[in-house]
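Descriptive structure summary
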Amino acid sequence: MAAGAEYGLKKIVWQRIKDTIIADCRKSEVWKILILDHFTTRLLSSCCKMSDLMSEGITIVEDLYKNREPVPEMKAIYFMAPTAKCVDAFISDFKPKPKYKAAYVFFTDYCPDDLFDKMKKNCAKYIKVCKEINISFLPLEAQVFTCDNPEAFKNIYSPNSKDRDQTLEMMADQIVTLCATLDEYPGVRYKKPPQDSKFHYGMKLAELVDHKLERHYELDDNSKKKGKTQAQLLIVDRALDPVSPILHELTYQAMAYDLIPIKDNTYEYKVKDGSKKEALLNEEDQLWIKLRHMHIAEVTEQIPKLVKEISVSRGEKKQPDEKISIGHLSQLMKKMPGFRKQMSQKTVHLCLAEDLMNHYQKNVEKLCKAEQDLAIGADAEGQKVKDPMRTLLPVLLHPYDTTDKIRAVLLYIFSLNGTTTENLNKLIQHVKIEDERGYIQNWEHLGVPILNKPSMLSFRKPSRRDRSDKETYNVSRWTPVIKDVMEDAVENKLDAKDWPYQSECPSAWNGSRAVRVV
């Protein structure tokens, strides 16, 4: 969306929090306590620092669910999700005896009437403010967000799920808060499933989002009905492109999380003396922000250049052909205290890039060639892959990790639009996952053909944009389908038969004018 692209989603979220929560509480000069649940803790951590909160008069940040010492002379700000668990924890802070002088309550989203009435009945005299601020998503990057629900995938696609409708409702509510935060009332479109498909979850989610958006924007601040903006919200499910998440992606961030055991965004690495250190790969690391979406080939070129820039800026004399090493970085850090943080980041990324290249040269390079050939249906020279099994077989015969073999088998099956039961059984036996067949067969629950069935005859792969004139790396020739879709949407070329509008769209969409994409 235009707003997110220009200002960054994290900054927009933080500004909205300041304009609502902070502004309402600023009227009182008393320093305050901020009490958060698990979700709002992650939300605030993603878009601001403790120093930002302190500058706004907040001295203490507490966990809603932990036992806390009463501070009856201070006012408390509660920022929490509108759930029964959160409301019960809030009430316990004021019954039988209040822990704080007063409460300013802010919900991430719409609070159900029964929970609101429960709060009112038990703590009305302590509540100075109670508002819903419509932020129930996590901004991960300037233009990336998540609903932060790891169970959603299973809840929606599992054939025996009892939580599908509830999960779709929750996701729709979260998406509406994203649109509200960006001040957009987008037209909603979804990928139309095949006529005989039983997988209509994208269409269902589009219907829910459109209905909830209409209700949310029924009246704006000027008591006038808000019209739809030029944005489009595209609802896409996994069946549109099963290939992209299976391939070994060679951009820096994707490669790191695929090949290195990174937990909670923390990378562990060894320095010259053999000791281990940890580094957070987050928005505080400016080098990480700059490099994370670059191809690894570009990253390995960029890091030494950035180190040289700092060396030169501090008057370091260095021979033209002198190799940049971790030892050299350590010397620079001792001589340049002011650049210590910058240099520390460069040490981290020098180590991470070397770590990734070691993995790449050991196994990933050969795997990538086979994967790209299977995904595209042609080799690097443009020759059509006539027999995908000949491409797959060397991967199966090589002592690769089982996970890598499963990925290759899936790409082989995707390339054929499904295979026979006999062939599938042979592949599963070869990879030795007889007791874990679900790794392959469960893709059918997403609407992706694994077995050749009459019911799958209507399944067709999306047509692709011709990118043959674009320069690319031989091991990174595949382009995710979503890129084609977004470019078509921006150029107003998405076929309305394949991507129907959930409701009436502005007339400007029907012309040649480009549109913004959510």
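Here the residue numbering is sequential within each chain, running from 1 through the sequence in written order. Owing to the predicted nature of the model, reporting of local features is limited to residues with pLDDT of at least 70; listing and counting of side-chain atom pairs is limited to 80 or more, with chain, interface and lining totals taken over all residues. Hydrogen atoms and water are omitted, and side-chain values are computed over all heavy atoms in the structure.

- Within an unreviewed UniProt entry, the label attached to the chain reads Syntaxin-binding protein 3, and the organism entered is Cirrhinus molitorella.
- UniProt positions are given in the numbering used here, feature names are shortened, and annotations may be inferred rather than shown by experiment. The UniProt entry for the chain carries this comment under Sequence similarities (unreviewed entry): "Belongs to the STXBP/unc-18/SEC1 family."

Structural notes on the nonpolar core
- Joining through side-chain atoms within 4.5 Å is the link that ties buried Ala, Val, Leu, Ile, Met, Phe, Trp, Tyr and Cys residues into a set, and such a set is a nonpolar core. Note on classification: 1.4 Å probe, protein chains only; a residue is buried when its accessible area is under 20% of the maximum for its type, exposed when over 50%, partly exposed between these limits. Counting 62 residues, the largest nonpolar core has F414 and I440 as the members making the most contacts within it.
- Considering each element in turn, this core owes the most residues, eight residues, to helix α16 (residues 402-416).
- Residues are treated as being in contact if the distance between any of their heavy atoms lies within 4.5 Å. Ignoring sequence-local partners within four residues, the contact set of I440 consists of I406, V409, L410, I413, L424, I428, I433 and I450.
- Within the second largest apolar cluster, 30 residues are counted, among which are L259, C351, M357 and V475. Every helix listed is a DSSP run of H or I at least four residues long, and every strand listed is a run of E at least two residues long, numbered separately from the N terminus.

Description of the side chain of R68
- Positionally, R68 belongs in the loop between β2 (58-63) and β3 (71-80).
- Between N or O atoms, a polar contact is any pair within 3.5 Å; within protein, one atom must be a potential hydrogen donor and the other a potential acceptor, and residues adjacent in sequence are included only when both atoms are from side chains. Polar side-chain contacts of R68 include one of 2.9 Å to the side chain of D93.

Some remarks on the side chain of D285
- If you trace the backbone, D285 turns up in the loop between β11 (276-280) and α11 (286-291).
- One polar contact links the side chain of D285 to the main-chain amide nitrogen of L287, over a distance of 3.1 Å.
- A distance of 3.1 Å separates a polar atom in the side chain of D285 from the backbone nitrogen of W288.
- Contact partners of D285, with chain neighbours within four places excluded, come to L280, Q345 and H349.

Observations concerning the packing of aromatic side chains
- Pairing of aromatic side chains requires ring centres within 6.5 Å, counting the rings of Phe and Tyr and the six-membered ring of Trp. Pairs whose planes differ by under 30 degrees are stacked, by over 60 edge-to-face, and all others tilted. Under the defined criterion, the tally for this structure stands at 14 aromatic pairs.
- Every member of this aromatic cluster is reached through a ring pair, and the members are Y78, F90, F94, Y100 and Y126.
- Whether a charge sits over a ring depends on NZ of Lys or CZ of Arg being within 6 Å of the ring centre and within 35 degrees of the ring normal. One Lys or Arg, K85, reaches over the ring of Y65 and ends 4.5 Å from the middle of that ring.
- If you follow R464 out to its NZ or CZ, it ends over the ring of W478, 4.9 Å from the centre.

A few points about the sheet that holds strand β4 (residues 100-107)
- Pairing is parallel across the open sheet formed by five strands, whose spatial order is β2-β1-β3-β4-β5. Looking at which strands have only one partner, the edges of the open sheet turn out to be β2 and β5 (127-132). Neighbour to neighbour, the strand axes of the sheet diverge by 20° on average, direction disregarded.
- Strands pair, by our definition, only if DSSP identifies at least two bridges between them. Pairing of strand β1 (residues 32-36) with β2, which is carried by five bridges, proceeds in the parallel orientation. The partner of I35 across the bridge, within β2, is E62.
- Comment: axis = line fitted to C-alpha atoms, over the contacting stretch for helices; angle = value between 0 and 180 degrees taken between N-to-C directions. Most of the contacts of helix α2 (residues 9-25) go to β4, to which it runs at about 160°, and overall it touches β1, β2, β3, β4 and β5.
- Here helix α3 (residues 38-47) sits on the sheet in contact with β1, β2 and β3, set at roughly 115° to β1.

Description of unusual backbone geometry
- A cis amide bond links K95 to the next residue, P96, at an omega of 0°.
- Following the sequence through the fold, P96 ends up in the loop between α5 (84-92) and β4.
- You will see that N492, though not glycine, has its phi angle at about 60°, which is positive.
- For N492, the position within the fold is in the loop between α19 (481-490) and β12 (516-517).

Notes on the environment of R407
- Along the chain, R407 turns up in helix α16.
- The class for R407 is buried, based on a relative accessible area of 10%.
- Sequence-distant contacts of R407, defined by excluding residues within four places in its chain, comprise I246, L247, H248 and D258.

Overview of the packing of helix α8 (residues 164-181) against helix α9 (residues 201-216)
- Interaxial distance between α8 and α9 falls to 9 Å at its minimum, and their mutual angle equals 50°. Taken together, the axes of α8 and α9 are oblique relative to one another. With respect to the hand of their crossing, α8 and α9 are arranged in right-handed fashion. Across from R164, L168, E169, M171, A172, D173, I175, V176, C179 and A180 in α8, the residues of α9 making contact are Y201, K204, L205, L208, V209, K212, L213 and H216.
- Among the residues forming the contact of α8 with α9, the class breakdown is twelve nonpolar, one polar and five charged. Here the word oblique covers every angle except those under 35 degrees (roughly parallel), over 145 (roughly antiparallel) and from 65 to 115 (roughly perpendicular). A crossing counts as left-handed when the near helix is turned anticlockwise from the far one by less than a right angle, and as right-handed when that turn is clockwise. Polar here means any residue outside two lists: the nonpolar Ala, Val, Leu, Ile, Met, Phe, Trp, Tyr, Cys and Pro, and the charged Asp, Glu, Lys and Arg; Gly therefore counts as polar.

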